[in-house]
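The chain contents come next:
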Amino acid sequence: MNSNLRLVLLLTILISISAFSYFIFFRDTVSEQVGIENEIQTSTTISSTSTTLKPENTTSTTSTTTTTTTSTSTSTTTTTTTTTTTTTVPPNQTVIYATAQEINNSKKIAYDYLKGGCKEDLIGDNQEEWVLPYELFIFNEEKINFSLKLDSSLGLNVECLGKLITSILNDSRGWIKVTDKEFQLVDNSESEFEFIFASPEKTDELCFPLETNGIYSCRNEQQIVINYFRWINGAIDFGSDMETYRLYLINHEVGHILGWGHVGCPKEDALAPVMMQQSKSTMGCVPYGWPIYEIIEKEFGIDTYSLLPESEEDS
């Protein structure tokens, strides 16, 4: 074999060996890359909190968190995304209905002078501007103490009014069920609040800066001023039912003393809440004189109605 042929054969063998070596190296590299890719782990975690509806003003939050983790033998990357939605749930309203017989029974109290309103036919010859009751109790811090005075120009009996107001407030359907404290009539120097029965003109003076316009009553600071015009004539939506109106008038103003504000009619033909301005209108509700909604709220811990903005004039 000549030298040229030997040279060609040698080159062919070298080229074959080189090609075979390259093939082996490339295969190992691909296998290693596949192995690395198999080590990559991807995980997704989703956690959420549910939204709960409650029967009162409640703000609930729903959060969704998505976490993606990618890992290799050299690095780790974490991405977090959070979305929050806030929902306000309006309060439920309690609606109370009553039969005609139940409403009629609501006018019956222990001291049965609602219908007459403690009116007197003869007005005594009193030179004083105000008449005060004689039958009083001693101040008791375990009770709610109120006082009373009466415009001497009015044809009302102050002793009768003192007993009537006490009977209303301490009735089992009255504010005593909310306060858990008995009401009693005391001297005005010891009272926590005061009832004043006054003429329309004096009512406007005593209620100022509230605008009573000669026809409304008011609660001004710690004084409840009952307009004689209202006490005698009632209000349009009550018709001739003076018993229910007088119950309402006393309980409404004491409600303000206790911190309750004005409210609306929860639903047509339902009992009107005592803190409605029923002297103006019952707005489709049935006139009613007891704080039944407030008693339910106190005893069962539920929100019975939505508050309305307080107006200046009152009943």
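Here's what I pulled together on the structure shown here. Model, not experiment: these values are computed from the prediction.

## Remarks on the overall build of the chain
Summing up its helical and strand segments, the chain has 8 helices and 9 strands in all. Per-residue burial for the chain yields a buried fraction of 38% across its 315 residues. Within the chain, contacts between residues separated by at least 24 positions form 65% of all contacts whose residues are at least 6 apart in sequence. Just so you have it, the chain exposes about 18100 Å², and 54% of that area is on carbon and sulfur atoms.

## Regarding the pattern of salt bridges
Applying the stated criterion across every chain, the model contains 8 salt bridges. Across the pair Lys 202 and Glu 129 runs a salt bridge, and its minimum N-O distance is 3.3 Å. Remark: Glu 129 occurs in the loop between α2 (100–105) and β4 (130–131) and Lys 202 occurs in helix α5 (residues 200–207); sequence separation between them is 73 residues. You can call Lys 202 buried: its relative accessible area is 19%. The shortest N-O distance in the salt bridge between Asp 151 and Lys 202 comes to 3.4 Å. With Asp 151 in strand β5 (residues 144–151) and Lys 202 in helix α5, the pair connects residues that are 51 residues apart, well separated along the chain.

## Quick word on the side chain of Asp 171
Positionally, Asp 171 belongs in the loop between α3 (158–169) and α4 (176–179). Asp 171 gets classed as buried once you look at its relative accessible area, which sits at 12%. Those residues in contact with Asp 171 that sit more than four places away from it in its chain are Ile 109, Ile 176 and Trp 290.

## Some words on the packing of α3 against helix α7 (residues 242–257)
For the pair α3 and α7, the least separation of the axes is 10 Å and the interaxial angle reads 70 degrees. Taken together, α3 and α7 sit at an angle that is classed as roughly perpendicular. On α7, the residues that touch Ile 165, Ile 168 and Leu 169 of α3 are Leu 247, Ile 250, Asn 251 and Val 254. When the residues that make up the contact of α3 with α7 are grouped by side-chain class, the tally is 6 nonpolar, 1 polar and no charged.

## Some thoughts on the pairing of strand β9 (residues 223–227)
As a general feature of sheets, a regular strand has side chains that alternate between the two faces. The element β9 is extensively covered by neighbouring structure, given that 4 of its 5 residues are classed as buried. Note: strand β7 (residues 193–198) against β9, 5 bridges, orientation parallel. Its bridge partner lying in β9, Glu 194 is registered against Gln 223. If you look at the hairpin formed by strand β8 (residues 218–220) and β9, you'll find 2 residues sitting between the two strands, and Glu 221 has a positive phi there, around 60 degrees.

## Observations concerning the side chain of Thr 212
For Thr 212, the location among the structural elements is in the loop between α5 and β8. Judged by relative accessible area, Thr 212 falls into the buried class, the value being 1%. When neighbours within four sequence positions are excluded, Thr 212 is seen to be in contact with Thr 203, Asp 204, Cys 207, Ser 217 and Cys 218.

Cut-offs applied
- Residues numbered from 1 in each chain as written.
- Predicted model: local features only at pLDDT ≥ 70, side-chain atom pairs only at ≥ 80, totals over all residues.
- Heavy atoms only, no water.
- Helix = DSSP H or I, 4+ residues; strand = E, 2+ residues; numbered from the N terminus.
- Buried < 20%, exposed > 50% of the residue type's maximum accessible area, 1.4 Å probe, protein only.
- Contact = heavy atoms within 4.5 Å.
- Areas by Shrake-Rupley, 256 points an atom, 1.4 Å probe, with all protein chains shown as cover.
- Salt bridge = Lys/Arg side-chain N within 4 Å of Asp/Glu carboxyl O.
- Axes fitted to C-alpha atoms, helices over the stretch in contact; angles between N-to-C directions.
- Parallel < 35°, antiparallel > 145°, perpendicular 65-115°, else oblique.
- Nonpolar A, V, L, I, M, F, W, Y, C, P; charged D, E, K, R; others polar.
- Pairing = 2+ DSSP bridges.

Shape is all these values report; function is a separate question.
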